[in-house]
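# Examination of the molecular architecture
In case you want the letters, here they are:
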Amino acid sequence: MIRRKEEIRSIRKQAPFQGKGDITVRELLEGPGEMYQKGRVFAHTTVHPGAAIGYHIHENESETYYILSGRAKLNHNGKEVLLGPGDVAFTSDGEGHGIEAVGKEPVEMIALILYHHQKIEPS
């Protein structure tokens, strides 16, 4: 599959999880069907200046952020850290996070949510 830039669905919406401001989500892959049912999000996300995705906990899934540009304040399980271009944040099953754009530039990032499938041991 090839998906050209103009074919990628882009949605500007209210920041989720009781966040503030709004974000833009470009769905690079469109949900579980294009991810072999292994995950539900592979997206280029923009957190606009002053906006934030509210703190939330992941159950039976993980989420990874790869920061492309901008500066972000990440709340990772209650600990706040600053992130910049090239940084990666991984939130595993049962952990929580929220992210806020700080400064005058938006935060551009790749977001990946994968399902946590428990490995079944042969008996």
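Structure: above.
Description of the structure in this document. Small disclaimer: the values here were computed from a predicted structure and weren't measured.

Calculation criteria
- Residues numbered from 1 in each chain as written.
- Predicted model: local features only at pLDDT ≥ 70, side-chain atom pairs only at ≥ 80, totals over all residues.
- Heavy atoms only, no water.
- Pairing = 2+ DSSP bridges.
- Helix = DSSP H or I, 4+ residues; strand = E, 2+ residues; numbered from the N terminus.
- Axes fitted to C-alpha atoms, helices over the stretch in contact; angles between N-to-C directions.

A few words on the sheet that holds strand S3 (residues 39-47). Within the open sheet, the six strands sit side by side as S1-S2-S3-S10-S5-S8. Their pairing is antiparallel. In the strand order of this sheet, the two ends are held by strand S1 (9-14) and strand S8 (88-91), each with one partner. Between one strand axis and the next, the sheet turns through 25° on average, direction left out of account. For strand S5 (residues 61-69) and strand S10 (residues 107-115), the ladder comprises eight bridges, and the chain directions are antiparallel. Considered in S10, the bridge of Tyr65 is made with Ala111.

Taken in spatial order, the four strands line up as S4-S9-S6-S7 in an open sheet, and their pairing is antiparallel. Among the strands making up the open sheet, the edge pair consists of strand S4 (52-57) and strand S7 (79-83). Across this sheet, the average inter-strand angle for adjacent strands is 20°, counted without regard to direction. Note that strand S6 (residues 71-76) and strand S9 (residues 96-102) share six bridges and pair antiparallel.

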